Amino acid sequence: MTEPNKKPPYDVPSHQPAAGGIAARARATAAPQYLSALNPEQREAVETLDGPVLVLAGAGTGKTRVLTSRIAHILSMGRARPNEILSVTFTNKAAREMKHRLSEMLGQAVEGMPWLGTFHSIGGRILRFHAELVQLKSNFTVLDVDDQIRLLKQLLQAENIDDKRWPARMLAGLIDGWKNRGLTPSQVPSGEAAVFGNGKGGKLYAAYQERLKILNAADFGDLLLENIRLFREHPDVLRQYQNRFKFILVDEYQDTNVAQYLWLRLLAQAPPSPAAITDSTTTPGLAAPKNICCVGDDDQSIYGWRGAEVDNILRFEHDFPGAKVIRLERNYRSTGHILAAASHLIAHNEGRLGKTLRTEDVDGEKVTVTGSWDSEEEARGIGEEIEQLQRTGNKLNEIAILVRASFQMREFEDRFVTLGMPYRVIGGPRFYERAEVRDALAYLRVINSPADDLAFERIVNVPKRGLGDATLQLLHDIGRKRKIPLMEAARSLVETDELKPKPRSSLREVIANFDRWRAQRDVVPHTELAEIVLDESGYTEMWQKDRSADAAGRLENLKELVRSMEEFENLHGFLEHISLVMDREGGADEDAVSLMTLHSAKGLEFDNVFLPGWEEGLFPHQRALDEQGRAGLEEERRLAHVGITRARKRAKLFFATNRRIHGSWSTTIPSRFLDELPADNVEITESKGGSGWGGAGGYGASRFDNVESFGSSYSTPGWQRAQANRGRGGFDETGGRYDAGGRSSAGSRKTMTIEGELIAKSTGTESDFVLGDRVFHQKFGYGNVAKIDGNKLTIAFEKAGEKKVVDSFVTKA
DNA sequence: CGAACCTTTGAGTTA
DNA sequence: CAAAGGTTCG
């Protein structure tokens, strides 16, 4: 047992006055600077400190400013100390941003804001203080999706369930969904639990939770669910936190799921309310809700598929009686046309709380819609426009391409590489998801927690040591029979002669290695230990010997991993952090185009925003429609709204008539969202050969009728118009793809065509490079030629990873 | 046991 | 078209 009252190490000594310097400054002037910079609504949101407050903050209305100013206000009024404010966000990025802005506002006084973070990191922190109460140890591991799936596969096997018919992924999805709804195994409705594995779903969920405890592990959902369980089963612990948090602030409230809502509600109750701790999710009317302030925008709710309940925000006044609702409708970001386009689009949704964004900015440029023949041409066109913007003095940092699905990104990457255009992918394949990083982490996890079977299993035969399925099976059998971790099973197995000499000695070596490393853990600095481990395990060597193209990049990633460990005091601290926050930053200082999904763009803004792929089936995405019907469509529409409102000066939409889906080309039709844009604020740019899509008459009075009639059969007027236009517009099937109509814009297009042909034709000509040549590229630096295809080279760059480039862009080094 | 080859299936968004 | 899973052969 640990003492439940163990204090978090972040506690500020109690004699310290609440952010003294600020308070003093606040008293000195009548209206402190952080208040005078606000408009009346914002100011009201900041100054209404008591009771529940809901701030409906439309895109670009100063949401973050309100949150940070509110914290500053609480502190300067002396209403709470920094460690008595709970402030939750969804992403680490948002948390970082708030800390950053707060420190600008307050000077250096943010050190003591220990409870500003994401739901998951705060949940995880609370859980570590009381781990024993939920059958964990404080050094529990946070599993990622991969570990989760492997664990579930084992359970399926144990239950003799065919994982073809009942994939582990599906079960993981179900469990995730239950956890998002705050349901422990016993709370899952039996009907739902039965849908998986011939009625074994519920049993498997229970078994999974049990296994997690044995492994001393929690998955993402547990960080909240186990927290809720902790609070419910131990009211004394809950009270401790209720007492601590004098003020609660929630960012992006529209994205909270049921579990997060329950968690917040428990914490938001006034401390002495012993009767109110119930497990009901629906009972309204809490006893004296505390000072909770939720900020959100129902029009930006885009995480329904992850369990977010827009209802949470729609029901706020009901859940928190006496709540004050404040609307922020002054947009400080976008020009008039952009804002009008976005507002009209989102007006097609029903069930909104309703806000009318307005701006005092100029109308600016109209939103453009451009059609192209296929996705390649779309990428070329956007590339050209970006070059044009660059020539006219726009910073690449102020340009973003926002896609619906990540597979769309490749085309742009290829294009940018060819053009030598600097770009960065945001939220792409994450650093910690890379195989080599996960392998390295697995080694460290086993050192840190010998019972971490999943980590053990991952690396026991990496690099290859002749310990294959057969050996592993044996270990599993022993482990399961004796209820001991695999490492212990291995220990006893090498004492017997059940193994052939070869695997036996390598297993012996693995055990000895880990024992040695663990002994070094307290002696050697953790970064050094990591290097020792990677070296002695043969892991580094494995990649050094690997001749494949990306080996160099992987070694680079390993180095970066070790480097990133320096920020932490010890191995344990590092591992604790890593599972939650391992997004690689850096490179932000460089001027580059940003490439990301619409989802990860929320909260960001750019002068120029390109939005490709506005086609039925892709955007709105077919699966959203199939699975969620009208709700799915509305969420997609909100996503479109988010996309357009990211733009300050220019929003440019695109659709292609042909797109590759599953490797083969399909014909697509323009998105219905394009049809929902207001004609007055939109310009159809001539893409090529004639009127292009839509044309002058394309927009008619019928634009807004009959939105309800969408369904599996596309019958809206817009759809039909779009189809008609497809034949009539510039996309004739017989003419060459690049058959331009002799316009100026077509001229440059034609140039591209020629370039395209040249590249295609010249592939017969072998380039001067030989496999393995060391080369230099202006943008990507040094690398080695990994593949040659005519004059197109695949190069493994030391820094940038593997890229395809045309040979003329590199020189021999 | 593991490399090489073949077949199948599947690309939606994420803390 | 790619990755992942399965099968075969050395």
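Conventions adopted
- All residue numbers refer to positions counted from 1 along the written sequence of the respective chain.
- Whichever chain is written first is A, and whichever ligand is written first is 1; the rest continue in order.
- The predicted nature of this model means local features are confined to residues of pLDDT at least 70 and side-chain atom pairs, given and counted, to a pLDDT of 80 or more, with totals for whole chains, interfaces and linings taken over all residues.
- As a rule here, side-chain values come from all non-hydrogen atoms in the structure, and water together with hydrogens is ignored.
- The cutoff for a nearby residue is simple: one of its non-hydrogen atoms must lie within 4 Å of the molecule or strand.
- As used in this structure description, the phrase polar contact means that two N or O atoms lie within 3.5 Å; if the pair is within protein, one of them must be able to donate a hydrogen and the other to accept it, and residues adjacent in sequence are counted only when both atoms belong to side chains.
- For every residue, the accessible area obtained with a 1.4 Å probe (protein chains only) is divided by the maximum for its type, and the residue is called buried under 20%, exposed over 50%, and partly exposed between those limits.
- Comment: elements are numbered from the N terminus, with helices defined as DSSP H or I runs of at least four residues and strands as E runs of at least two.
- A pair of strands is labelled paired if DSSP reports no fewer than 2 bridges between them.
- Only C-alpha atoms enter the line fits that serve as axes; for helices the fit covers just the stretch in contact. Angles between N-to-C directions range over 0 to 180 degrees.
- When residues are sorted by character, Ala, Val, Leu, Ile, Met, Phe, Trp, Tyr, Cys and Pro go into the nonpolar class, Asp, Glu, Lys and Arg into the charged class, and all the rest, Gly among them, into the polar class.
- A helix is expected to span 1.5 Å multiplied by its residue count minus one.
- Oblique is the label for any angle not under 35 degrees, not over 145, and not in the 65 to 115 range, which are roughly parallel, roughly antiparallel and roughly perpendicular in turn.
- Here is the rule for handedness: rotate from the far helix to the near one, and if that takes an anticlockwise turn smaller than a right angle the crossing is left-handed, while a clockwise turn gives right-handed.
- For this analysis, residues touch if any pair of their heavy atoms sits within 4.5 Å.
- pLDDT: the predictor's confidence for each residue, scored from 0 to 100.
- Throughout this description, the term salt bridge denotes a Lys or Arg side-chain nitrogen within 4 Å of a carboxyl oxygen of Asp or Glu.
- Aromatic contacts are taken between Phe, Tyr and Trp rings whose centres are within 6.5 Å, Trp giving its six-membered ring; a plane angle under 30 degrees counts as stacked, one over 60 as edge-to-face, and the others as tilted.
- Think of it as a cone above the ring: NZ of Lys or CZ of Arg counts as a charge over the ring if it is within 6 Å of the ring centre and within 35 degrees of the ring normal.
- Residues grouped as a nonpolar core are buried Ala, Val, Leu, Ile, Met, Phe, Trp, Tyr and Cys residues, joined through side-chain atoms within 4.5 Å.

## Thoughts on the protein's contact with DNA strand B
For step 1, the next point in the chain: Taken together, 27 residues are adjacent to DNA strand B, and Arg404, Ser406, His599, Arg623 and Glu627 come closest.
For step 2, the next point in the chain: When atoms of DNA strand B within 4 Å of the protein are sorted by moiety, sugar and phosphate together comprise 55%.
For step 3, the next point in the chain: Take His599: an N or O atom from its side chain is 3.2 Å from a base oxygen of DNA strand B.
For step 4, the next point in the chain: Here Arg623 contributes a side-chain N or O atom positioned 2.7 Å from a phosphate oxygen of DNA strand B.

## Looking at helix α13 (residues 258-268)
For step 1, the next point in the chain: Most of α13 is tucked away: eleven of the eleven residues are buried.
For step 2, the next point in the chain: Of all the positions in α13, only Val258, Ala259, Gln260, Tyr261, Leu262, Trp263, Leu264, Arg265, Leu266, Leu267 and Ala268 are classed as buried.
For step 3, the next point in the chain: The opening residue of α13, the one whose side-chain oxygen lies 3.1 Å from the backbone nitrogen of Ala259, is Asn257.

## Some details on unusual backbone geometry
For step 1, the next point in the chain: A cis amide bond, omega -5°, links Val462 with the succeeding residue Pro463.
For step 2, the next point in the chain: Along the chain, Pro463 turns up in the loop between α20 (453-459) and α21 (469-482).
For step 3, the next point in the chain: Geometrically, the link from Phe619 to Pro620 is a cis peptide bond, its omega value of 5° lying close to zero.
For step 4, the next point in the chain: Mapped onto the secondary structure, Pro620 falls in the loop between β15 (606-611) and α29 (622-644).
For step 5, the next point in the chain: Of note in the backbone geometry, Gln135 takes a positive phi value of approximately 60° without being a glycine.

## Details of the sheet that holds strand β1 (residues 53-57)
For step 1, the next point in the chain: If you trace the six strands from one edge of the open sheet to the other, you get β3-β2-β6-β7-β1-β8, paired in parallel fashion. Edge strands, defined here as strands with exactly one partner in the open sheet, are β3 (116-118) and β8 (324-328). For this sheet the average axis-to-axis angle between neighbouring strands, irrespective of direction, equals 15°.
For step 2, the next point in the chain: Here three bridges tie strand β2 (residues 85-89) to β3, and the two strands are oriented parallel to one another. Of the residues in β3, the one forming a bridge with Ser87 is Leu116.

## Re the pairing of strand β7 (residues 291-296)
For step 1, the next point in the chain: Across the six residues of β7, six count as buried, placing the element largely inside the fold.
For step 2, the next point in the chain: Side chains of β7 alternate between two faces, with Asn291, Cys293 and Val295 and Ile292, Cys294 and Gly296 buried alike.
For step 3, the next point in the chain: Bridge count for β1 against β7 is four bridges, and the pairing is parallel. Considered in β7, the bridge of Val55 is made with Val295.
For step 4, the next point in the chain: The pairing of strand β6 (residues 247-250) with β7 spans four bridges and is parallel. By the bridge assignment for β7, Ile248 is matched with Ile292.

## Focus: the protein's contact with DNA strand C
For step 1, the next point in the chain: Around DNA strand C, a shell composed of Lys153, Arg410, His662 and Gly663 is seen.
For step 2, the next point in the chain: Class assignment for the residues of the surface near DNA strand C results in no nonpolar, two polar and two charged.

## Remarks on helix α11 (residues 220-233)
For step 1, the next point in the chain: Helix length check: α11, at 14 residues, gives a terminal C-alpha distance of 20 Å against a target of 20 Å (1.5 Å per residue), a fit within 8%.
For step 2, the next point in the chain: With respect to burial, α11 is a largely interior element, eleven of its 14 residues being buried.
For step 3, the next point in the chain: Measuring from the backbone nitrogen of Gly221 back to the side-chain oxygen at the start of α11 gives 3.2 Å, which picks out Asp219 as the cap.

## Comments concerning the packing of helix α17 (residues 375-391) against helix α18 (residues 409-419)
For step 1, the next point in the chain: At a minimum axis distance of 9 Å, the contact between α17 and α18 shows a crossing angle of 50°. It follows that α17 is oblique to α18 by the angle criterion. Crossing hand, α17 versus α18: right-handed. Residue-level inspection shows Ser375, Glu376, Glu378, Ala379, Arg380, Ile382, Gly383, Ile386 and Glu387 of α17 in contact with α18, the latter providing Glu411, Phe412, Arg415, Phe416 and Leu419.
For step 2, the next point in the chain: Here the contact of α17 with α18 is composed, by residue class, of six nonpolar, two polar and six charged.

## Structural notes on the environment of Asp222
For step 1, the next point in the chain: Tracing the backbone through its elements, the reader meets Asp222 in helix α11.
For step 2, the next point in the chain: Given the relative accessible area of 0%, Asp222 is considered buried.
For step 3, the next point in the chain: In this structure, the C-alpha to C-alpha distance between Asp222 and Gln520, residues 298 residues apart in sequence, is 32 Å.
For step 4, the next point in the chain: A polar contact is formed between the side chain of Asp222 and the side chain of Lys179, at a distance of 2.8 Å.

## Topic: the confidence of the model for chain A
For step 1, the next point in the chain: Mean pLDDT over chain A stands at 79; residues scoring 70 or higher make up 78%.
For step 2, the next point in the chain: Within chain A, no element has a lower average pLDDT than helix α32 (residues 744-761), which sits at 23, and none a higher one than β15, at 97.
For step 3, the next point in the chain: Contacts from residues 1-29, a stretch scored under 50 in pLDDT, to residues over four places away or in other chains number 33 contacts.
For step 4, the next point in the chain: Note on residues 273-286: pLDDT under 50 across the span, and 23 contacts to partners over four residues away in sequence or across chains.

## Focus on the side chain of Asn331
For step 1, the next point in the chain: Assignment of secondary structure puts Asn331 in strand β9 (residues 330-331).
For step 2, the next point in the chain: Residue Asn331 is classed as buried on the basis of its relative accessible area, which comes to 3%.
For step 3, the next point in the chain: For Asn331, the side chain forms a polar contact with the main-chain nitrogen of Arg333, separated by 2.6 Å.
For step 4, the next point in the chain: The contact partners of Asn331, leaving out residues within four places of it in the chain, are Ala59, Gly60, Thr61, Leu339, Arg358 and Thr359.

## Examining the pattern of salt bridges
For step 1, the next point in the chain: Summed over the entire model, instances satisfying the criterion amount to 53 salt bridges.
For step 2, the next point in the chain: With a closest N to O distance of 3.2 Å, Arg315 and Asp319 form a salt bridge.
For step 3, the next point in the chain: A relative accessible area of 29% means that Arg315 is categorised as partly exposed.
For step 4, the next point in the chain: For Asp319, a relative accessible area of 3% translates into the label buried.
For step 5, the next point in the chain: Three or more residues are tied together by salt bridges with common partners; here these are Arg333, Glu398, Glu605, Asp607, Arg648 and Lys649.

## Some details on the packing of aromatic side chains
For step 1, the next point in the chain: On inspection of all chains with the given rule, the structure shows 22 aromatic pairs.
For step 2, the next point in the chain: Between Tyr539 and Trp543, the aromatic rings sit 6.4 Å apart at their centres with planes inclined by 80°, giving edge-to-face as the arrangement. With Tyr539 and Trp543 both in helix α25 (residues 539-545) and four residues apart, this pair spans about one turn of that helix.
For step 3, the next point in the chain: On the basis of relative accessible area, Tyr539 is assigned to the buried category, the value being 0%.
For step 4, the next point in the chain: The lysine or arginine in question, Arg306, covers the ring of Tyr303, its NZ or CZ lying 4.0 Å from the ring centre.

## Quick word on the nonpolar core
For soluble globular proteins, nonpolar side chains are generally found buried alongside one another.
For step 1, the next point in the chain: Formed by 48 residues in total, the largest nonpolar core has its most connected members in Leu475, Leu507 and Phe514.
For step 2, the next point in the chain: In terms of residues, this core owes the most to one element, helix α19 (residues 435-448), which gives eight residues.
For step 3, the next point in the chain: When residues no more than four places from it in sequence are discounted, the contact partners of Leu475 are Phe456, Leu486, Ala489, Ala490, Leu493 and Leu507.
For step 4, the next point in the chain: Counting 45 residues, the second largest nonpolar core, distinct from the first, contains Val134, Val142, Leu223 and Leu230.

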